[in-house]
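Architecture at a glance
Listed below, chain by chain, are the residues.
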Amino acid sequence: MNSVDMNYLLPQDNKVAVKDAKDGALGKDEFLKILIAQLQNQDPMNPMEDKEFIAQMASFSSLEQMTNMNQSLQKFTEAQESGSLVQHSQLINKEITWQSKEDEVNGLAKTKDHQNTVTSVQKDSKGAIRYLLDNNSWIDSTQLVQVRADKGTAEPPTL
């Protein structure tokens, strides 16, 4: 007689709800829930082969490592961005040369050099670094052309 005692079957109410993941990809929690559901609901007369199980576990391990690496990269990026503001703050009270764009002539943008002292540094809502100058105007860090040495030290040669 090839019958299975009903007492040994797993309950059938173990439904796995898969949430919508970002970019249509499953997260590690959803992947693990699906794997557990597969193991719980497999046919006892035809269990999952070792090769399939090992392949799925390897996929789960890879997913776990990629998730950890992504989190580490995000932390590193955040640290770099916050460090950027600190690095730029070293320009406070330094005299700088910066460029502004003037009218275009024959398709070429003319620029004009200005000299001011940096009084404050901020990161705007888009993450760009901006400088407040001694004339109460703000410039973008990309406009910076030169930083002069502190008074009392030798000036760098001009090229």
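Our structure's up above, just so we're on the same page.
Residues numbered from 1 in each chain as written. Predicted model: local features only at pLDDT ≥ 70, side-chain atom pairs only at ≥ 80, totals over all residues. Heavy atoms only, no water.

Quick notes on the overall build of the protein chain
When helices and strands are tallied, the protein chain shows two helices and five strands. In sequence order, the secondary structure elements of the protein chain are arranged as α-α-β-β-β-β-β. By residue count, 13% of the 159 residues in the protein chain fall in the buried class. Pairs at least 24 apart in sequence give 43% of the contacts found in the protein chain among residues at least 6 apart. (Helix = DSSP H or I, 4+ residues; strand = E, 2+ residues; numbered from the N terminus. Buried < 20%, exposed > 50% of the residue type's maximum accessible area, 1.4 Å probe, protein only. Contact = heavy atoms within 4.5 Å.)

Focus: the sheet that holds strand β1 (residues 95-105)
The strands making up a sheet associate through hydrogen bonds between their backbones, and the pairing can be parallel or antiparallel. Taken in spatial order, the five strands line up as β4-β3-β2-β1-β5 in an open sheet, and their pairing is antiparallel. Looking at the sheet topology across the chains shown, the edges are occupied by β4 (138-140) and β5 (144-147). Geometrically, the sheet is characterised by an average inter-axis angle of 45° between neighbouring strands, direction not taken into account. (Pairing = 2+ DSSP bridges. Axes fitted to C-alpha atoms, helices over the stretch in contact; angles between N-to-C directions.)

Here's the deal with the nonpolar core
Of all hydrophobic cores here, the largest spans nine residues; its members are L91, I96, W98, V118, V121, I129, Y131, L133 and I139. Mapped by element, the contributors of at least two residues to this core are β1, β2 (108-123) and β3 (129-133). A total of three residues in this core trace back to one element, the largest contributor, which is β3. Each residue touching V118, except ones within four places of it in the same chain, is listed here: L91, I92, N93, K94, I96, Y131, L132 and L133. (Core = buried A, V, L, I, M, F, W, Y, C linked by side-chain atoms within 4.5 Å.)

Description of the side chain of S100
One can find S100 in strand β1. A distance of 2.7 Å separates the side chain of S100 from the side chain of H114, its partner in a polar contact. Residues contacting S100, with those up to four places away along its chain left out, are K110, T111, K112, H114 and Q143. (Polar contact = N/O pair within 3.5 Å; in protein donor to acceptor, adjacent residues only side chain to side chain.)

Quick word on the environment of L132
Tracing the chain through its elements places L132 in strand β3. Along the sequence, L132 and T117 sit 15 residues apart, while their C-alpha atoms lie 8.6 Å from each other. Those residues in contact with L132 that lie beyond four places of it in its chain are T117, V118, T119, S120, S137 and W138.

Some details on the environment of V145
Tracing the backbone through its elements, the reader meets V145 in strand β5. A sequence separation of 46 residues divides V145 from Q99, and the C-alpha atoms of the two residues are 6.8 Å apart. Contacts of V145, omitting those with residues within four sequence positions, involve T97, W98 and Q99.

Quick word on unusual backbone geometry
Look at N93: it is not a glycine, yet its phi comes out positive at around 70°. One can find N93 in the loop between α2 (50-88) and β1.

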